[in-house]
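# Commentary on secondary and tertiary structure
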Amino acid sequence: MSELPRRHPSVAPGGVSARTHAGAAGPLGPGSFVAVPAQSTVTSPLLTAPDPPPTDRPTSQHAPEPDRPAPDRPTPPSAAPAAEEFEHPSSARVYDYLLGGAAHGAVDRALGDRLTRAQPGMVELARENRAFLRRAVRFLLAAGIDQFLDLGSGVPTMGNVHEVIARSRSNARVAYTDVDSIAALHGQHLLAALPTATYTAVDVADVDAVLSSPGVAGLLDLRRPVGLLAFSVLQHVREGAAGLVEEYLGNLAPGSALALSHFTDDDPRTGPWIEAETAAYPRAVPRARSRAEVAALVAGVDLVDPGLVWADEWRPEPGRPAGAGAARGHWVAVGFRR
């Protein structure tokens, strides 16, 4: 990846100077959509007007093989949820609720409603984060990445990675993971007919367990580049998040990529109230990180333009200016492993 900068200037303390955004090609035509397993019947603005691929793409010497047959799909072990899991909200199911999904319960809706009352822009923040996911995955597909490890992926509905892959007419594979066994069971049910996707209930903090699990090791070839996806998950790792990212990247092949989003309270309109409202999460209260702290998480990759920016500033869709969001809640970046 010698054509990429060793370090994008936006990770420097002085911030971004002379940010540039790639020009975008025209939208995909109607014939570019392919069938995916039926998921939620709830409609969402996120599933309309798919993002066009960027035009200034990094090259990869590991381009996907378009005619490669789909692998035999490994079957991750199903973890039966404990009864108490249904009594507490989870970040995965609350996020699904905010996105307009259907895989959530009353306790998740109650917390989601409290969050939206405390921050009326919470639904917009969730949608901005999911829209960034779509754009980042399209970018990595165009760069030649054809296998993805999605950490803390939540319920795989409402425009998630395998749907982006399907719309790109790609045979790329995705291994979803989440510590929430209820979300994992939903995912395994939804993806049962898709041979190029798995869902494993495993803790992101246990790198060895993630990489050796049948749903990951049986689907992905870690000797080849992998797109490591960490969308709004590392805020649940309160200590040692930078070391965790470094450990994952160290186990991936050269040419692998990282796409990351992280919740922050740098915008006072999101504010520190998030920790108080989400104290009901049974495992760990999310930790909002500053821009400087998020920059430390991506220190091991060469960032592509526009660097470390707000979610709505990362290669926005044509017709929508960068920075159009009413409130900002996620720092985001995409880069390639050195």
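Residues numbered from 1 in each chain as written. Predicted model: local features only at pLDDT ≥ 70, side-chain atom pairs only at ≥ 80, totals over all residues. Heavy atoms only, no water.

## Some words on the environment of R173
Turning to its location among the elements, R173 is positioned in strand β2 (residues 173–178). Looking at R173, its side chain comes within polar contact range of the main-chain oxygen of L219, at 2.6 Å. (Helix = DSSP H or I, 4+ residues; strand = E, 2+ residues; numbered from the N terminus. Polar contact = N/O pair within 3.5 Å; in protein donor to acceptor, adjacent residues only side chain to side chain.)

## Some points on the pairing of strand β5 (residues 257–263)
For β5, the tally of buried residues reaches seven of seven residues, placing the bulk of the element in the interior. Burial of β5 is two-sided: the residues A257, A259, S261 and F263 facing one way and the residues L258, L260 and H262 facing the other way are all buried. Two strands pair when backbone bridges link them, and strand β4 (residues 227–231) and β5 are joined in this way by five bridges, in the parallel orientation. Bridge assignment links G227 to a residue of β5, and that residue is A257. Running through helix α8 (residues 241–250), the crossover from β4 to the neighbouring parallel element β5 is right-handed. The pairing of β5 with strand β8 (residues 330–337) spans seven bridges and is antiparallel. (Buried < 20%, exposed > 50% of the residue type's maximum accessible area, 1.4 Å probe, protein only. Pairing = 2+ DSSP bridges. Right-handed = clockwise from strand over helix to strand, strands pointing away.)

## Re the packing of aromatic side chains
All told, the structure shown has five aromatic pairs when counted by the stated rule. Ring centres of F139 and W314 lie 5.8 Å apart, and the angle between their planes is 90 degrees; on these two criteria the pair is classed as edge-to-face. Of this pair, F139 sits in helix α3 (residues 122–142) while W314 sits in the loop between β7 (309–310) and β8, placing them 175 residues apart in sequence. No difference in accessibility class separates F139 from W314, as the two residues are buried. (Phe/Tyr/Trp six-rings, centres within 6.5 Å; stacked < 30°, edge-to-face > 60°.)

## With respect to α3
Over its 21 residues, α3 extends 31 Å from the first C-alpha to the last, a length consistent with the 30 Å expected when each residue adds 1.5 Å. Burial analysis of α3 places 17 of its 21 residues in the buried class, which makes it a mostly covered element. Downstream of α3 by one or two residues, G144 has phi in the positive range, about 105 degrees. (Expected span 1.5 Å × (residues − 1).)

## Concerning the confidence of the model for the protein
Residues of the protein with pLDDT of at least 70 account for 68%, and the chain-wide mean is 76. The low-confidence segment residues 1–70 (pLDDT under 50) makes 144 contacts with residues lying over four places distant or belonging to another chain. (pLDDT = per-residue confidence, 0-100. Contact = heavy atoms within 4.5 Å.)

## Looking at the pattern of salt bridges
All told, the structure shown has eleven salt bridges when counted by the stated rule. Notably, a salt bridge pairs E317 with R135, separated by 3.5 Å at the nearest N-O pair. One end of the pair, E317, is in the loop between β7 and β8; the other, R135, is in helix α3, and 182 residues separate them in sequence. Residue D146 pairs with R224 through a salt bridge whose shortest N-O separation is 3.0 Å. Remark: R224 occurs in the loop between α7 (214–217) and β4 and D146 occurs in the loop between α3 and β1 (147–150); sequence separation between them is 78 residues. Residue class for D146 comes out buried when judged on its relative accessible area of 1%. Classification of R224 by relative accessible area gives buried; the value is 16%. Connected through shared salt-bridge partners, R93, D108 and D180 make up one network. (Salt bridge = Lys/Arg side-chain N within 4 Å of Asp/Glu carboxyl O.)

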